[in-house]
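Reading the structure
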Amino acid sequence: MLNQIGRDIFSEICKMEIIDTHEHIMSQEEVKEEVVHLFKVFENSYANLDLISAGMSPDIWEKKNLVEIWEEFKKYQPHVLLTTFVKNILYSLKELYGLNTGEIKEDNYQEISEKITDSYNSNNWYKYVLKEKANIKISMLDAFWNVENFNYDRELFIPVLRTNAFILGREYSSPFPKGKWAHSTIESISEAWGVSIDDFESYLEIIKLAIKKYKKIGCPAVKIGTAYHRSLYFEKTDKREAAVIYKKDPKRISLSEQKKLQDFMAHYIIHQATSAEMAVQIHTGTFARNGSIIENGNPEQLNNLFLEYPSTRFSLFHFSYPYTSQVFSLAKMFSNVVLDFCWVPMISENFAKKSLTEFLDLIPSNKLMWGGDSYRVEEAFGGAHLCRKVISEVLSEKVKERSITQGKALKIAQDILFNNARQFYQLKI
């Protein structure tokens, strides 16, 4: 519970605009390619992970009949009502659609569902939720499913170049469970852009082309999200060795050769991004799916990159949960490494408060920013509220213990929510 100082700080923080550093929000048109209803909000949110973890079959979302989905959903809802992922969605449904109970019930799910359907038929729905309700100035969008064609509303989103396709390479097939949306591949990108990737130099050229294209439309950063597929340890590989491997049939490349080629590509992308004055975002820590190798997200594996590229601006995501101590040590040690609080308040509100308190004990406050990391505007709205709430509670404790004044607390909050991102990504807003 917030005391009066906390309430005052929270009230002021709610007035602050946010530069949201990380989202995956699908366009309204993409969402409407399927029937839009209440349970699509749950399916396309992190609440889905907790429901599946509790035992619900992911196949339930494929059912067309709302009643059938409800009959299965209601069996598992009681088990996830305390998880932050689910509480965040329920809060958003309350604030945006008038859900007046603390959970979805027999007598309200159809009414809420109809309101959701109606809202998505409004052309201004995204602007209303993200700008008016969430007070987000701009969101940085990692549209991993459509790297080849960034066609999203520039009033709401600026692009981030997802580089997985370029690093993972030709005919790549993940050994881990795939998500609902197909990721862009190097084949789909080269086809869309009419560029050959038959030889190694052409492959390097398409990476340069991608950075040039994205830079031209205002992209401030590239994103490496390959921890979903492999370790974050990218060794320095000789270009000649990479070229020899590339000449082989992709189906005949061994796992060790595949890693060497991918390692070279990651270094090449970092070098090209740095030359283009773009920052490098890296997914670290836990994953947004029910199955992976958690060790792949350990940020310690990135240490060699920070030594190799001292002029590159690196942003490490998610406080690397559960490797938080490791990532804090890296951010404290390297001046060119900052941390992003994205997703953390939604993973666990209590962890977010504890870890933010520890961050402020250890690391300069100008090295922190926040992003929502959501697929739906409902979740982004709830995530922004949670972020403000967590920051308010942590900073109000700092004021209460007389570590800082209320005015300085508000300045730190504004830096985390806006100023740090504007400076780090060199945004002209």
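Residues numbered from 1 in each chain as written. Predicted model: local features only at pLDDT ≥ 70, side-chain atom pairs only at ≥ 80, totals over all residues. Heavy atoms only, no water.

Details of the pattern of salt bridges
For the structure on display, the rule yields 28 salt bridges. With its nearest N and O atoms 3.4 Å apart, the salt bridge here joins Lys239 to Glu201. Taken together, the residues Lys239 in helix H12 (residues 239-246) and Glu201 in helix H11 (residues 200-216) connect sequence positions 38 residues apart. Because the salt bridges share partners, they merge into one network encompassing Arg230, Glu235, Lys259 and Asp263. (Salt bridge = Lys/Arg side-chain N within 4 Å of Asp/Glu carboxyl O. Helix = DSSP H or I, 4+ residues; strand = E, 2+ residues; numbered from the N terminus.)

Notes on the nonpolar core
Ranked by internal contacts, the top residues of the largest apolar core, which has 138 residues, are Phe39, Phe42, Leu93, Ile104, Phe166, Leu339 and Phe341. With 11 residues, helix H18 (residues 377-400) is the single largest residue contributor to this core. Leave out the neighbours within four places in its chain, and Phe42 touches Ala47, Asn48, Leu51, Trp61, Phe73, Ile89, Leu90, Leu93 and Ile104. (Core = buried A, V, L, I, M, F, W, Y, C linked by side-chain atoms within 4.5 Å. Buried < 20%, exposed > 50% of the residue type's maximum accessible area, 1.4 Å probe, protein only. Contact = heavy atoms within 4.5 Å.)

Quick look at the sheet that holds strand E2 (residues 136-141)
Judged by pairing direction, the sheet is parallel, and its 3 strands sit side by side in the order E1-E2-E3 without closing on themselves. Each edge of the open sheet carries a strand with a single partner, namely strand E1 (18-23) and strand E3 (157-159). Strand-to-strand twist of the sheet, defined as the mean angle between neighbouring strand axes without regard to direction, takes the value 25 degrees. As defined by bridge partners, E2 adjoins E3 across 3 bridges and the pair is classed as parallel. Following the sheet pairing, Leu141 is matched in E3 by Pro159. Contacting E1 and E2, helix H19 (residues 406-424) crosses the sheet at an angle of about 70 degrees to E1. (Pairing = 2+ DSSP bridges. Axes fitted to C-alpha atoms, helices over the stretch in contact; angles between N-to-C directions.)

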